[in-house]
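Each chain, written out:
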Amino acid sequence: MTARAPLIAGNWKMNGLRASLAEAAAIAKGAEQSAARVVICPPASLLHQMSEALAGTRVLVGGQDAHWEESGAFTGEVSAEMLADAGAKLVILGHSERRTARGETDEVVAAKVRAALRAGLEPIVCVGETLGERQAGQALAVVTGQVRGSLPAELAGRAFSVAYEPVWAIGTGLTPTTAEIEEMHRAIRASLVELFGAAGADTPILYGGSVKPSNAREILHAAEVGGALVGGASLKAVDFLAIVEAAA
Ligand code: 13P
């Protein structure tokens, strides 16, 4: 892991009611002494309450997506400014569940990244290949292509991270080997340096996809892994805290 504090982000996806705020509070309590940056990205409906409940703790709150416009006639959408107004400090963009189910292209993701920067949010930009692409030997080309297409030049000098989430590892219990993770993270690092020069050497590259307490330590200490984006295992404080601890 790089010298900077690892970033451990929990993506709650479409999970969580007000009763789940107790779980977030338990995460904040357990993470008090951690050196990691810890973030919870709840559904938008919980953002404001969670940011108030976690105020004064080390745990930050983030969004899971944002529209590229600031406001307007976009039924059902939430803008980056709205997330920031509700207390979010970061935002996940380009998650594969949105790239696949909502047809989000690299261009759309890049527009959303610009919106996040406009609103003062720190983007976590997701990339990752499908199983078919990996089996066809295209994983490196697909992912580095997503990195180049989804990261606008405006990111230069701004805080952001990239999350490598192989689509086939999300919610399946399957993970790439450590060697496969390192190979991909090195390729992403090279693309970041190409795009952003020396600053690209410092951008955290998170791994996501079936991270759990039992595999977190090995993954988090692999070369070029600067943290984790955690789905299912972030919903229970005890599991998420074990992952936060593994980052130390
Ligand atoms: P799981 O940890 O449930 O596999 O989800 C990963 C993910 O999609 C995080 O954004």
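Here we summarise the structure given alongside this text. None of the values given here were measured: they were computed from a predicted structure. (Residues numbered from 1 in each chain as written. Predicted model: local features only at pLDDT ≥ 70, side-chain atom pairs only at ≥ 80, totals over all residues. Heavy atoms only, no water.)

**Thoughts on the pattern of salt bridges**
Phase 1: Counted according to the given criterion, the structure contains twelve salt bridges.
Phase 2: Linking Arg 118 and Glu 81 is a salt bridge whose minimum nitrogen-to-oxygen distance equals 2.7 Å. One end of the pair, Arg 118, is in helix H5 (residues 106–118); the other, Glu 81, is in helix H3 (residues 80–85), and 37 residues separate them in sequence.
Phase 3: Owing to a relative accessible area of 43%, Arg 118 belongs among the partly exposed residues under this scheme.
Phase 4: Notably, a salt bridge pairs Arg 98 with Glu 104, separated by 2.8 Å at the nearest N-O pair.
Phase 5: Owing to a relative accessible area of 7%, Glu 104 belongs among the buried residues under this scheme.
Phase 6: Connected through shared salt-bridge partners, Asp 65, Arg 98, Glu 104 and Lys 112 make up one network. (Salt bridge = Lys/Arg side-chain N within 4 Å of Asp/Glu carboxyl O. Helix = DSSP H or I, 4+ residues; strand = E, 2+ residues; numbered from the N terminus. Buried < 20%, exposed > 50% of the residue type's maximum accessible area, 1.4 Å probe, protein only.)

**Remarks on the environment of Leu 192**
Phase 1: Assignment of secondary structure puts Leu 192 in helix H8 (residues 178–196).
Phase 2: We classify Leu 192 as buried; its relative accessible area is 0%.
Phase 3: In this structure the C-alpha to C-alpha distance between Leu 192 and Glu 69, which are 123 residues apart in sequence, comes to 26 Å.
Phase 4: Dropping the residues within four chain positions of it, Leu 192 is found in contact with Val 147, Leu 151, Phe 160, Val 162, Gly 197, Gly 200, Thr 203 and Ile 205. (Contact = heavy atoms within 4.5 Å.)

**Topic: the sheet that holds strand S3 (residues 59–63)**
Phase 1: Spatially, S1-S2-S3-S4-S5-S6-S7-S8 is the arrangement adopted by the eight strands of the closed barrel, whose pairing is parallel. Averaged over all pairs of adjacent strands, the angle between strand axes in this sheet comes to 25°, irrespective of strand direction.
Phase 2: Two strands pair when backbone bridges link them, and strand S4 (residues 90–93) and strand S5 (residues 122–127) are joined in this way by four bridges, in the parallel orientation. The residue of S5 that forms the bridge with Leu 90 is Glu 122.
Phase 3: Here helix H2 (residues 44–53) sits on the sheet in contact with strand S2 (37–41) and S3, set at roughly 165° to S3. (Pairing = 2+ DSSP bridges. Axes fitted to C-alpha atoms, helices over the stretch in contact; angles between N-to-C directions.)

**A few points about the site of the ligand**
Phase 1: In the vicinity of the ligand lie 13 residues, with Lys 13, His 95, Gly 171, Ser 210 and Gly 232 positioned nearest.
Phase 2: Within the backbone of Gly 231, one N or O atom sits 2.9 Å away from an oxygen atom of the ligand.
Phase 3: Summarising the interface, the protein chains cover 94% of the accessible area of the ligand, which totals 310 Å² for the free molecule.
Phase 4: Residue composition of the shell around the ligand, grouped by class: four nonpolar, seven polar and two charged. (Near = heavy atom within 4 Å. Polar contact = N/O pair within 3.5 Å; in protein donor to acceptor, adjacent residues only side chain to side chain. Areas by Shrake-Rupley, 256 points an atom, 1.4 Å probe, with all protein chains shown as cover. Nonpolar A, V, L, I, M, F, W, Y, C, P; charged D, E, K, R; others polar.)

**Describing the packing of helix H1 (residues 21–30) against helix H10 (residues 237–246)**
Phase 1: Orientation of H1 relative to H10, taken along the N-to-C sense of each, is 30°, at an axis distance of 9 Å. In terms of orientation, H1 and H10 fall into the roughly parallel class. Considering only the axes of H1 and H10, their crossing is right-handed. For the pair formed by H1 and H10, the contact residues are Glu 23, Ala 26, Ile 27 and Gly 30 on the first element and Ala 237, Phe 240 and Leu 241 on the second. (Parallel < 35°, antiparallel > 145°, perpendicular 65-115°, else oblique. Left-handed = near helix turned anticlockwise from the far one by under 90°.)

**A word on the packing of aromatic side chains**
Phase 1: The final tally for this structure, using the stated rule, is two aromatic pairs.
Phase 2: Ring geometry for Tyr 164 against Tyr 207: centres 6.1 Å apart, planes inclined by 65°, an arrangement best described as edge-to-face. Separated by 43 residues along the polypeptide, Tyr 164 in strand S6 (residues 161–164) and Tyr 207 in strand S7 (residues 205–208) bring together distant segments of the chain.
Phase 3: You can call Tyr 207 buried: its relative accessible area is 0%. (Phe/Tyr/Trp six-rings, centres within 6.5 Å; stacked < 30°, edge-to-face > 60°.)

**Focus on the pairing of S3**
Moving residue by residue along a regular strand, the side chains alternate between the two faces of the sheet.
Phase 1: The buried fraction of S3 is high, at four of five residues.
Phase 2: Taken together, the three bridges between S2 and S3 define a ladder with parallel strand orientation. Paired with Val 39 across the strands is Leu 60, a residue of S3.
Phase 3: Assessed by its sense of winding, the connection that carries the chain from S2 through H2 to S3 is right-handed.
Phase 4: Examined bridge by bridge, S3 and S4 share two bridges and lie parallel to one another. In the strand pairing of S4, Gly 62 is matched with Leu 90.
Phase 5: What joins S3 to S4 is H3, and the crossover it makes is right-handed. (Right-handed = clockwise from strand over helix to strand, strands pointing away.)

The values are spatial; any link to function lies outside them.
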